[in-house]
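# Coordinate analysis (summary)
Listed here are the chains, written in short residue letters.
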Amino acid sequence: MIKRTTIAAVLAALTVTSVIASQPVRAAELSGSLSLSGAWAIYPLAVKWGAAFQKLYPKVKMDISAGGAGKGMADALVGAVDIGMVSREVDRTERAKGALPILIVKDGVFPTVSVRNPAVKRIVAKGMSRKTLQDICIKGTIVNWRAVGGRSAPIHVYTRSDACGAASAWAATLGRYKQDDLKGIGVYGDPGLLAAVRRDPLGMGYNNLSYVFSGDKVASGIVIVPIDANNNGKVDADERIDSREKAYKAVASGRYPGARREFFVTKGKPNTLARAFIEFALSDAGTKVLRDVGGYVPLSKSEKSEQLRKIK
Amino acid sequence: MLATTLFSGMLVVVIAVALYARSRPLIASKSLSAIIFGANWKPSAGEFGLGPFIIGTAWVTAVAAIIAVPLCIFASIYLAEYAAPRTRSILKPLIDLLAGIPSVVYGAWAALVIVPLIADHLGPYAQAHLKRIPLLNAEYVTGYSVLAGGIVLAVMICPVIISVAEEVLRAVPQDYRDASYAVGATRLETITKVVIRRALRGLMAAVVLGISRALGETMAVLMVVGNVAALPKSVFDPAYPLPALIANNYGEMMSIPLYDSALLCAALVLLVIVLFFNVAARLVLVRGASR
């Protein structure tokens with residue numbers, strides 16, 4: 001006669017095993033910790049992605065910090081984090097050290113002037129060519145609004161004081177320049193620059209997409225300067241950007257001069273957990289999170305598959 | 001207890017040594033005088049001259065001192081000698097409250113209030129009426145200037161100076177005042193000739209404390225000072241103090257070779273300036289006492 005305790009023990013073992021076995025088996029039951037650090041520009045998006053990722057894989061611990069694109073790159077290259085968030089182009093010396101840039105999101109910088117600018121009518125009608133912008137922001141050869149069609153008044157050029165992707169993107173828009181080359185009063189932070197231009201009728205600055213629009217319209221008090229990319233002396237339909245939707249379209253089309261690319265950087269190919277996170281970010285679910293956050297432009301399908309191929 | 005005291009004392013040395021160690025790569029490739037007196041700051045071209053930043057720090061601190069010191073000395077004299085106990089009990093906590101406001105809040109306030117004040121009112125006034133005075137040239141005024149940085153710094157160091165100065169004045173024994181009145185001095189004469197003379201060392205210590213705080217104040221200043229690495233020629237010009245340089249570029253310092261060494265060298269220079277200032281002030285105080 002088998003003892004009752006033995007039957008109970010076997011039944012218990014069977015129950016436990018079947019309960020475990022009946023859990024849905026995910027392709028990889030992901031666990032472990034994933035760390036990201038870097039650009040302020042990507043940080044809010046990464047936090048939202050991290051939260052969604054953690055919902056899917058509760059055993060994964062996300063550790064996301066900001067600190068600037070430079071810190072992100074440095075941390076990724078020494079292996080302090082799994083993924084570095086870098087909101088600017090990766091250069092040759094960094095690639096030589098093993099940086100693998102994965103395009104993750106697109107953004108844009110937009111030049112701005114105040115609505116009370118002396119030359120605003122002409123600027124809105126004819127736009128500004130890249131050369132004019134270069135002369136104002138980099139070379140300093142145009143210093144008066146009279147040269148752009150307004151009354152005689154000095155141009156107050158503003159730029160970002162903190163080392164940031166927006167400034168390097170703006171400098172790159174104007175030519176092969178770096179943030180150091182940008183002239184002007186340095187104001188701290190995107191909102192600071194916006195406030196400075198809004199307040200100063202003689203001011204000219206630039207902002208990221210998410211700051212220059214409030215809701216669907218351009219933020220109050222400022223006007224986006226149309227960049228005359230094809231130098232035809234007038235503002236074509238695709239050069240006029242006066243709503244958030246138009247900005248998204250312009251950046252996504254690849255033809256907007258001020259478009260910027262933002263990257264996740266890993267040292268060599270990403271590890272399993274990092275790869276899963278990047279695949280999530282580039283998936284439809286990730287794109288939905290991106291659209292909910294707002295202020296970023298997702299990649300096209302072909303761009304996404306190209307990036308996914310990179311990390312396989 | 002000795003150990004903890006020694007530890008606190010040694011901390012300054014430890015920090016200085018660590019900063020020096022991280023600055024070595026830069027100091028090795030360029031001479032120290034080229035770094036400190038160099039007038040060009042262009043990291044992407046390999047130029048790391050800290051001259052404009054040292055001068056910028058000096059300008060902003062000087063403006064802050066010129067505004068704050070007379071104001072605070074008079075305020076502390078009022079609080080210590082003239083104010084009724086009830087008035088003092090209301091005003092002192094209010095002033096101490098100012099010391100607790102975070103730097104970034106001061107910066108936001110200054111960007112909203114002081115910068116437009118300078119751009120729309122003080123600048124045009126100076127341009128119209130004060131053209132002759134070289135340091136007040138206001139041709140190109142955006143509001144982001146040495147003056148804005150100096151004003152916000154002055155507001156931030158006032159509570160420090162007033163607090164210490166008022167304590168120092170109150171610490172002068174009442175006997176001194178009684179003796180002075182007894183020989184027929186008026187209240188003002190007593191204060192200027194007796195109380196202040198007795199408290200002079202302490203007042204100077206209060207000023208030194210305030211200025212040390214001003215030298216290192218970062219966030220509030222960088223939000224309003226304009227951050228242009230050029231020598232200011234007027235108080236309405238922008239400047240770029242050392243703490244602002246470090247705070248602005250900390251995020252990207254790994255991206256250009258020698259950039260991190262340059263920023264840590266700037267930190268070392270700032271530390272040396274503050275230490276030098278404190279040591280000099282201490283020497284003056286000690287010599288004043290021994291006389």
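Counting restarts for each chain: residues are numbered from 1 in the order of the written sequence. By the order in which they are written, chains take letters starting at A while ligands take numbers starting at 1. Where local features are concerned, this predicted model is filtered to residues with pLDDT of at least 70; where side-chain atom pairs are given and counted, the filter is 80 or more; whole-chain, interface and lining totals use all residues.

### What about the overall build of chain B?
What counts as a helix is a DSSP run of H or I of at least four residues, what counts as a strand is a run of E of at least two, and both are numbered from the N terminus. Of the regular secondary structure elements, chain B holds 11 helices and 2 strands. Each helix and strand of chain B, ordered N terminal to C terminal, gives the series α-α-β-β-α-α-α-α-α-α-α-α-α. By principal-axis analysis of the C-alpha atoms, chain B measures approximately 70 × 60 × 35 Å. Exposed residues have 12 or fewer other C-beta atoms within 10 Å of their own C-beta, buried residues have 20 or more, and partly exposed residues fall in between, where C-beta atoms are placed from the backbone. Expressed as a percentage of the 291 residues in chain B, the buried residues total 40%. By the criterion used throughout, residues are in contact when their C-beta atoms, derived from the backbone, lie within 7 Å. Taking contacts inside chain B between residues at least 6 apart in sequence as the whole, the part at least 24 apart equals 76%.

### Notes on the overall build of chain A
The helix and strand tally for chain A stands at 13 helices and 13 strands. Restricting the calculation to C-alpha atoms gives the radius of gyration, and the globule rule supplies 2.2 Å times the number of residues raised to the power 0.38. Radius of gyration (C-alpha) of chain A: 25 Å, far over the 20 Å computed for a compact globule of 312 residues. Counting only C-alpha atoms and orienting by the principal axes, one finds that chain A spans roughly 110 × 40 × 35 Å. Classification of the 312 residues of chain A by burial places 46% in the buried group.

### A word on the nonpolar core
One finds A148(B), V152(B), I161(B), V224(B) and A266(B) to be the most contacted residues of the largest nonpolar core, which totals 169 residues. Per-element accounting of this core gives the leading share, 18 residues, to helix α6 (residues 146-170) of chain B. When residues of this core are assigned to domains, at least three map to each of domain 1 (28-107 + 260-310) and domain 2 (108-259) of chain A. Once residues lying within four places of it in the same chain are set aside, the contact partners of V152(B) are Y106(B), A110(B), I114(B), A220(B), V221(B) and V224(B). To count as a nonpolar core, a set of buried Ala, Val, Leu, Ile, Met, Phe, Trp, Tyr and Cys residues must be joined through C-beta atoms within 7 Å. For the domains described, the bounds stem from an automatic or database domain assignment.

### A closer look at the domain arrangement of chain A
All names here are of chain A. Segmenting chain A into domains produces domain 1 (28-107 + 260-310) and domain 2 (108-259). Put simply, the middle of domain 1 and the middle of domain 2, counted by C-alpha atoms, are 28 Å apart. In this complex, domain 1 contributes 14 residues to the contact, which on the side of domain 2 involves 13 residues. Elements with a minimum of two residues in the side of domain 1 that touches domain 2: α3 (69-78) and β4 (99-114). Grouping the amino acids of the side of domain 1 that touches domain 2 by side-chain chemistry returns 4 nonpolar, 6 polar and 4 charged. Classes in brief: Ala, Val, Leu, Ile, Met, Phe, Trp, Tyr, Cys and Pro nonpolar; Asp, Glu, Lys and Arg charged; the others, Gly included, polar.

### Some details on the interface of chain B and chain A
The interface of chain B with chain A comprises 23 residues on the first partner and 22 residues on the second. Among the elements that make up the side of chain B that touches chain A, the one with the highest residue count is helix α5 (residues 103-129) of chain B (3 residues). Residues that form the side of chain B that touches chain A fall into these classes: 13 nonpolar, 8 polar and 2 charged.

### Here we look at the pairing of β4(A)
Residue and element names in this part refer to chain A. β4 sits mainly inside the fold: 14 of its 16 residues count as buried. Only strands joined by at least two bridges in the DSSP assignment are considered to pair. In terms of strand pairing, β4 meets strand β13 (residues 259-267) through 9 bridges, oriented antiparallel. Considered in β13, the bridge of A99 is made with K267. Two strands pair when backbone bridges link them, and β4 and strand β8 (residues 203-208) are joined in this way by 5 bridges, in the antiparallel orientation.

### Focus: the packing of α6(B) against helix α8 (residues 187-216) of chain B
All names here are of chain B. What counts as an axis is a line fitted to C-alpha atoms, over the stretch in contact for a helix, and the angles between N-to-C directions run from 0 to 180 degrees. Across the interface, α6 lies against α8 with an axial gap of 8 Å and an inter-helix angle of 150°. Our classification of the angle between α6 and α8 gives roughly antiparallel. α8 is crossed by α6, and the crossing has right-handed handedness. Across the interface between the two elements, L153, I157, V160, I161, V164, A165, V168 and L169 of α6 pack against V195, A199, G202, L203, A205, A206, V207, L209, G210, R213 and A214 of α8. Residues that form the contact of α6 with α8 fall into these classes: 16 nonpolar, 2 polar and 1 charged. For classification purposes, angles smaller than 35 degrees are called roughly parallel, those larger than 145 roughly antiparallel, those between 65 and 115 roughly perpendicular, and all remaining angles oblique. The crossing is said to be left-handed when, going from far helix to near helix, the turn is anticlockwise and less than a right angle, and right-handed when the turn is clockwise.

### Focus on the pairing of strand β1 (residues 32-38) of chain A
All names here are of chain A. Note that β1 and strand β2 (residues 60-67) share 7 bridges and pair parallel. In the sheet register, L34 faces β2, and the bridge partner there is M62. Sheet topology note: the β1/strand β3 (residues 83-86) ladder contains 3 bridges and is parallel. Among the inter-strand pairings, G38 is bridged to a residue of β3, identified as M85.

### With respect to α8(B)
Residues and elements named next belong to chain B. An expected span of 1.5 Å times one less than the residue number is assigned to each helix. The end-to-end C-alpha separation of α8 is 38 Å, well short of the 44 Å expected for 30 residues at 1.5 Å each. One fitted axis covers the seven residues ending at a residue, a second covers the seven starting there, and the bend at that residue is the angle between these axes. Of all the bends in α8, the largest measures some 60° and sits at L200. All buried positions along α8 are accounted for by I191, V195, A199, L203, A206, V207, G210, I211, A214 and L215.

### Thoughts on the environment of T112(A)
Residue and element names in this part refer to chain A. Tracing the sequence through the fold places T112 in strand β4. Looking at T112, the number of C-beta atoms within 10 Å reads 26, which means it is buried. A sequence separation of 113 residues divides T112 from V225, and the C-alpha atoms of the two residues are 5.5 Å apart.

### With respect to the packing of α5(B) against α6(B)
All names here are of chain B. Two elements in contact, α5 and α6, have axes whose closest approach is 10 Å; the angle formed by their N-to-C orientations is 135°. On the basis of their axis angle, the class for α5 and α6 is oblique. Considering the relative orientation of α5 and α6, their crossing is right-handed. Only L147, A148, I151, V152, V155 and M156 of α6 make contact with α5, whose side of the interface consists of Y106, A110, I114, V115 and I118.

### Let's talk about unusual backbone geometry
Excluding glycine, residues mostly have negative phi values, and the peptide bonds linking residues are mostly trans. Of note, the phi angle at N231(A) is positive, near 55°, even though the residue is not glycine. Position of N231(A) among the secondary structure elements: in the loop between β12 (227-228) and α10 (244-253). The exposed category is assigned to N231(A), around which 9 C-beta atoms lie within 10 Å. Phi at N227(B) takes a positive value of approximately 50°, unusual for a residue other than glycine. Its location among the elements puts N227(B) in the loop between α9 (219-222) and α10 (242-249). By the C-beta count within 10 Å, which is 26 here, N227(B) ends up buried.

### Considering the environment of Y158(A)
Residues and elements named next belong to chain A. For Y158, the position within the fold is in strand β6 (residues 156-160). Between the C-alpha atoms of Y158 and V47, which are 111 residues apart in sequence, the distance is 30 Å. Beyond its immediate stretch of four places on either side in the chain, Y158 contacts G184, I185, V187, L193, A196, V197, G203, M204 and G205.

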